[in-house]
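Residue-level structure breakdown
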Amino acid sequence: MSETAYSPVSQHLSDLEAVREEGRRKMDWALQHMPILNALREEFVDEQPLAGETIAMAMHVEAKTANLVELLAEGGAEVAITGCNPLSTHDDVSAALDTHESITSYAVRGVDDEEYYDAMHACIAHEPTITVDDGMDMVKLVHEEYPDLIDSIVGGAEETTTGVDRLRAMDADGELHYPVFAVNDTPMKQLFDNVHGTGESSLATIAMTTNLSWAGKNVVVGGYGQCGKGVAKKASGQNANVIVCEVDPRKALEAHMEGYEVLPMKEAAKKGDVFITTTGNRDVITREHFEEMDDGVLLANAGHFDVEVNLEDLDDLAVDRYEVRDGVEGFEMPDGRVLNVIAEGRLVNLAAPISLGHPVEVMDQSFGVQAVVVRELADRGDEYEPGVHDVPDELDREVADIKLAAEGVEYDDLSDEQREYMGSWEHGT
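As recorded by an unreviewed UniProt entry, the protein chain carries the name Adenosylhomocysteinase and is attributed to Halorubrum saccharovorum DSM 1137. According to the UniProt record, the Catalytic activity (unreviewed entry) comment for the protein chain reads "S-adenosyl-L-homocysteine + H2O = L-homocysteine + adenosine". Database annotation for the protein chain, UniProt heading Subcellular location (unreviewed entry): "Cytoplasm".

**Thoughts on the overall build of the protein chain**
Looking only at helices and strands, the protein chain features 17 helices and 15 strands. For 429 residues, the compact-globule formula gives about 22 Å, and the C-alpha radius of gyration of the protein chain, at 22 Å, lands near that figure. Projected onto its principal axes, the C-alpha coordinates of the protein chain cover approximately 70 × 65 × 45 Å. Every one of the 429 residues in the protein chain was classed for burial, and the buried ones make up 55%. Pairs at least 24 residues apart make up 71% of the contacts formed inside the protein chain by residues separated by at least 6 positions. With the model as given, the accessible surface of the protein chain reaches about 19000 Å², and the carbon-plus-sulfur share is 46%.

**Quick word on the pattern of salt bridges**
As enumerated under the stated definition, the model contains 31 salt bridges in all. Between R346 and E344 there is a salt bridge, with the nearest N and O atoms lying 4.0 Å from each other. Look at R346 and you get buried, because its relative accessible area is 17%. In this structure, R397 and D393 form a salt bridge, with 2.7 Å as the shortest nitrogen-oxygen distance.

**What to know about the environment of Y178**
Position of Y178 among the secondary structure elements: in the loop between α7 (161-172) and β6 (179-182). As a C-alpha pair, Y178 and E385 span 207 residues in sequence and 6.9 Å in three-dimensional space. The contacts of Y178, once residues within four sequence positions are left out, are T131, V139, V142, H143, I150, I153, G155, G156, P386 and G387. A polar side-chain atom of Y178 sits 2.9 Å from a polar atom in the side chain of T131.

**Here we look at the nonpolar core**
The biggest cluster of nonpolar side chains holds 49 residues, and the ones touching the most others in it are I55, M57, L68, L72 and V79. Examining the composition of this core, we find that ten residues originate from one element, helix α15 (residues 360-380), more than from any other. One finds Y6, M136, M138 and L149 within the second-largest nonpolar core, a separate group that totals 32 residues.

**Thoughts on the layout of surface pockets**
By volume, the largest pocket is sized at about 850 Å³. Forming the boundary of the largest pocket are 47 residues, of which C227, T278, T279, G280 and G303 lie nearest the centre. For the lining of the largest pocket, the elements supplying multiple residues, two or more each, are α3 (63-74), α7, α8 (187-210), α9 (226-237), α14 (348-351) and α15. Looking at which element gives the most residues to the lining of the largest pocket, the answer is α8, with five residues. Its residues placed into classes, the lining of the largest pocket shows twelve nonpolar, 23 polar and twelve charged. Two domains each donate at least three residues to the lining of the largest pocket, and these are domain 1 (9-189 + 358-407) and domain 2 (195-351). Computed from the structure, the second largest pocket encloses a volume of approximately 340 Å³.

**Observations regarding the sheet that holds strand β10 (residues 274-277)**
Pairing is mixed across the open sheet formed by eight strands, whose spatial order is β9-β8-β7-β10-β11-β14-β13-β12. Of all strands in the sheet, those bounded by a partner on one side alone are β9 (261-262) and β12 (320-325). In the sheet, strand β8 (residues 241-245) pairs with β9 via two bridges, with the strands oriented parallel. Residue pairing in the sheet places V244 in a bridge with V262 of β9. Docked against the sheet, α9 engages β7 (218-222), β8 and β10, running at close to 170° with respect to β7.

Cut-offs applied
Throughout this document, residue positions are counted from 1 along each chain, in the order its sequence is written. Where totals are concerned, whole chains, interfaces and linings use all residues; where local detail is concerned, this predicted model gives features only for residues with pLDDT of at least 70, and gives and counts side-chain atom pairs only at 80 or more. Calculation of side-chain values draws on the structure's entire complement of heavy atoms; hydrogens and water are dropped beforehand. UniProt positions are given in the numbering used here, feature names are shortened, and annotations may be inferred rather than shown by experiment. Numbered from the N terminus, helices here are DSSP runs of H or I no shorter than four residues, and strands are runs of E no shorter than two. Our radius of gyration is a C-alpha quantity, and the globule rule it is checked against amounts to 2.2 Å times the number of residues to the power 0.38. Buried means the residue's accessible area, taken with a 1.4 Å probe over protein chains only, is under 20% of the maximum for its type, while exposed means over 50%, and partly exposed covers the values in between. By the convention used here, residues are in contact when the closest approach between their heavy atoms is within 4.5 Å. A 1.4 Å probe and the Shrake-Rupley method give the accessible areas. Residues count as covered only by the protein chains that appear here. Should a side-chain nitrogen of Lys or Arg be within 4 Å of a carboxyl oxygen of Asp or Glu, the pair is scored as a salt bridge. Side-chain atoms alone can form a polar contact between residues adjacent in sequence; in general such a contact is a pair of N or O atoms within 3.5 Å, and within protein one must be able to donate a hydrogen while the other accepts it. To qualify as a nonpolar core, a set must consist of buried Ala, Val, Leu, Ile, Met, Phe, Trp, Tyr and Cys residues joined through side-chain atoms within 4.5 Å. A pocket, in this scheme, is an open set of points on a 1 Å grid over the protein atoms alone with protein on both sides within 12 Å along at least 5 of 7 lines, while a cavity is a set where a 1.4 Å probe fits but cannot get out; residues line either one if an atom lies within 4 Å of a point. Grid points are joined across faces, edges and corners, and a volume is the space filled by probe spheres set on the points. Residues are grouped as follows: Ala, Val, Leu, Ile, Met, Phe, Trp, Tyr, Cys and Pro are nonpolar; Asp, Glu, Lys and Arg are charged; every other residue, Gly included, is polar. Boundaries of every domain are those given by an automatic assignment or by a domain database. When DSSP finds two or more bridges between two strands, those strands count as paired. Axis definition: a line fit to C-alpha positions, over the contact stretch in the case of helices; interaxial angles, taken between N-to-C directions, run 0 to 180 degrees.

Okay, structure coming up:
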């Protein structure tokens, strides 16, 4: 256990009643637009599929996530949650969660690195049987410092690309000792959350933070995975000129065939007005790129950790740094150019002062998958071997069915003859 006894959020805040009321108001608004979680809540309350489970979570603690947390608690689980990013927690929402008799929230906005991990230790002190992560920090901490808990953990779920990449590396090294579902890799996550969620929320947050237009700007997108595709598509739709930088020749070709200009970052640095990284990797933008950039550029990260834009290089080059406006820090170069970093290089759509994360409808889908995966672990977790697992397709389809029903959308089904035809190798010309 951590030597530091970290307190729940309620002991970090003042005027608790007003704060909790505001957090509940945000949660209630979001829940009105989350038909999947509403449908699952009815089922979970009635059937109590998580009775007896203890769930430790490291997530972005804001209104949409809070409704997932409450769903799991209403399904019978004891839940302990903390943040997965020091700047993405909404204290009022965290405080509202902490009032639930089955939820303990340790998430506090603006913590330093030591407090960040103290809160995670506090969650693990609840001795979880299931973990739910966004970025894999909790899984890593369990394996490194709490190996005695592994035998009692039936499994976990991972929300985001960076976390799944880390888990696969851990699995390849033979160091992942319980099953974890790669929620990020399901169609219901990839097709909507990463494309529409990241694209819309990142651009909206940058626009609101800076009060600048996208029209006519050269927007450089670092990485053309699902998130990069979303940012590029939405920026183009707002009349920006999009330049894509890639390291994978197939993705670079895909971006080229989609009509975007494709350049190495060294060349894009000379042309860009706004730079948005979406890779999940480090050092996407470094010293050699800063040296080429124009005065006034915006630098933002929509990937994951704050390592995509190398702020150590930027600080080393700068002769001065100062707050330009709320959420924007200017780094002045020796020649007078100012390069502007949004949200400290952290996840821009969640760490900027006015950020709200992905749209509610998008997260309803992703969190619906999280919920059914946790239900699967509680029900049949012992059937899965240690390692990274794809989410069973029937669970992903279940979430899509709930959403379509809520939207009043009907769709076709295969006939028996079509199923037989598709399942047979004997039919020919």
